[in-house]
Amino acid sequence: MKKFLIKLSYTVLPVFLLLFGLTAYLNLYIRPRSTGDLGRLAFVIIGQEYGQRIEQDELKDTLFNKVRETEDLRSIHVNVLTIGDSFSQQEHAGYQNYMAQEGLTVANTRRDLYDNPIQYAWNLLDEGIVDSTNIDVMVVEVGERDFALRIEDFRTDKVEVGEPDIPGEYVEENVWDVRQWSLLRTRDFLMYRYAGRNPVYDVQLDRDFFSSNEPRKLYFYCADILNGLTIDETIRPKVKEVFDLLTTKAHERGFALVLMLPVDKYDLYQDYIVDNPYDHPKRINEDVRELIGDIPEVMLCKFTLQPLLENGEKDVFLFDNSHWSYKGSQAVGQELSRRVKLIMNRQRE
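Residues numbered from 1 in each chain as written. Predicted model: local features only at pLDDT ≥ 70, side-chain atom pairs only at ≥ 80, totals over all residues. Heavy atoms only, no water.

1. Re the nonpolar core
Here comes step 1: Met-260, Tyr-269, Leu-305, Trp-324 and Leu-336 are the most contacted members of the largest nonpolar core, which has 58 residues in total.
Here comes step 2: Sorting elements by how many residues they give to this core places helix H15 (residues 326-348) first, with seven residues.
Here comes step 3: Setting aside residues up to four positions removed in sequence, Tyr-269 forms contacts with Leu-205, Phe-209, Phe-210, Leu-218, Leu-309, Val-316 and Phe-317.
Here comes step 4: Counting residues in hydrophobic clusters, the runner-up holds 41 residues, among them Ala-107, Leu-113, Val-288 and Leu-300. (Core = buried A, V, L, I, M, F, W, Y, C linked by side-chain atoms within 4.5 Å. Buried < 20%, exposed > 50% of the residue type's maximum accessible area, 1.4 Å probe, protein only. Helix = DSSP H or I, 4+ residues; strand = E, 2+ residues; numbered from the N terminus. Contact = heavy atoms within 4.5 Å.)

2. Looking at the packing of aromatic side chains
Ring pairs (aromatic) are described by centroid distance and by the angle formed between their planes.
Here comes step 1: Applying the stated criterion across every chain, the model contains 17 aromatic pairs.
Here comes step 2: When the ring of Phe-210 is compared with that of Tyr-269, the centres are 5.5 Å apart and the planes differ by 35°; the resulting orientation is tilted. With Phe-210 in the loop between strand S5 (200-204) and strand S6 (217-221) and Tyr-269 in helix H12 (residues 265-269), the pair connects residues that are 59 residues apart, well separated along the chain. There is no split in this pair, since Phe-210 and Tyr-269 are both buried.
Here comes step 3: Ring centres 5.5 Å apart and planes at 75° place the aromatic pair Tyr-219 and Phe-319 in the edge-to-face group. (Phe/Tyr/Trp six-rings, centres within 6.5 Å; stacked < 30°, edge-to-face > 60°.)

3. Here we look at the side chain of Arg-145
Here comes step 1: Within the fold, Arg-145 resides in helix H7 (residues 144-153).
Here comes step 2: A residue is classified by how much of its surface remains accessible, and Arg-145, at 13% relative accessible area, is buried.
Here comes step 3: One polar contact links Arg-145 to Asp-224, side chain to side chain, over a distance of 2.8 Å. (Polar contact = N/O pair within 3.5 Å; in protein donor to acceptor, adjacent residues only side chain to side chain.)

4. Some points on the packing of helix H14 (residues 302-310) against H15
Here comes step 1: Where H14 meets H15, the closest approach of the two axes is 9 Å, and the angle between their N-to-C directions is 130°. By the angle between their axes, H14 is oblique relative to H15. Note on packing geometry: the crossing formed by H14 with H15 is right-handed. From H14, Thr-304, Leu-305 and Leu-308 reach across to H15, where they touch Lys-327, Gly-328, Ala-331, Val-332 and Glu-335.
Here comes step 2: When grouped by side-chain class, the residues that make up the contact of H14 with H15 number four nonpolar, two polar and two charged. (Axes fitted to C-alpha atoms, helices over the stretch in contact; angles between N-to-C directions. Parallel < 35°, antiparallel > 145°, perpendicular 65-115°, else oblique. Left-handed = near helix turned anticlockwise from the far one by under 90°. Nonpolar A, V, L, I, M, F, W, Y, C, P; charged D, E, K, R; others polar.)

5. Notes on the packing of H7 against helix H11 (residues 236-252)
Here comes step 1: Axis separation between H7 and H11 bottoms out at 10 Å; the angle between their running directions is 70°. By the angle between their directions, the pair H7 and H11 is classed as roughly perpendicular. Between H7, through Phe-147, Ile-151 and Glu-152, and H11, the contact on the second element is made entirely by Lys-238, Val-239 and Val-242.

6. Side note on the environment of Val-316
Here comes step 1: Counting through the fold element by element, Val-316 comes out in the loop between H14 and H15.
Here comes step 2: The exposure class assigned to Val-316 is buried, which follows from its relative accessible area of 0%.
Here comes step 3: With 12 residues separating them along the chain, Val-316 and Gly-328 place their C-alpha atoms 5.2 Å apart.
Here comes step 4: Beyond its immediate chain neighbours, meaning those up to four positions away, Val-316 contacts Leu-268, Tyr-269, Leu-305, Leu-308, Leu-309, Trp-324, Ser-325 and Gly-328.

Printed below as a string of structure tokens:
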């Protein structure tokens, strides 16, 4: 027994102490200094000051309604119903708040009601859960990086919409469990640092785009690249087909539908990357415009936000996050409101 304990003391015990020490370091030092979904995922030390400074200029109240159950949709009465992924779940910093400031009444469906926003919207339309007595316009929002996947998965037959299972979204809530120290996160740290498996990429920009401690550093989620830079030829015909199915069904229910694509972080900033290692430009937004057309019912957020960058605006996206800041939300919310009002006026004519 004594020999066994001695052997443990110089084999297993050092490894245990190393893991314990590293886990303590991650939880006591890095975690409090890692902010945003990207910072927390990749153990990037950023500090709380950046987020606190940005938050000072956000709207303080949530001015739109939040729908918690599908059945609750039968009793809503608003101008706009939004269905979308994490870009539609930013609470008081969300684009819906800025739509409300423009005089529209807005309701948003809670994210855990569905995995695929396009499929969920179709199910609501097909089952007649909402119609012209509830809403004037339905906005279906799908982030650029997942758009082709959502189109590919879409079915017109009844399918379960499930709960979201998107790495870029679960990061925000679950990557750090505040109730316990996680050895799995210690494993992740080692894999990211020493095995080349970091899911957060970084590149240098040619001028200051963020009011952070690294104003020319761009952090972005790997799926911005890995999910494809263009819409695959096999999926392209289905883009227009799905859009037409949704809009036709919405018109049958007596209201209009807008498809909205938030640009991903890499795409928005790609033209400013120094010695960009990714040879081909990302053009999902351009593909959608080509396939469907440049119409009010298709909101491609890239073309709304690009002028802000061209004018030297900082923090259009958050430095430590895969989502836009309140500046992006405001610009998108105001442009979307303009389109919605145009569509609503057209319906009344």
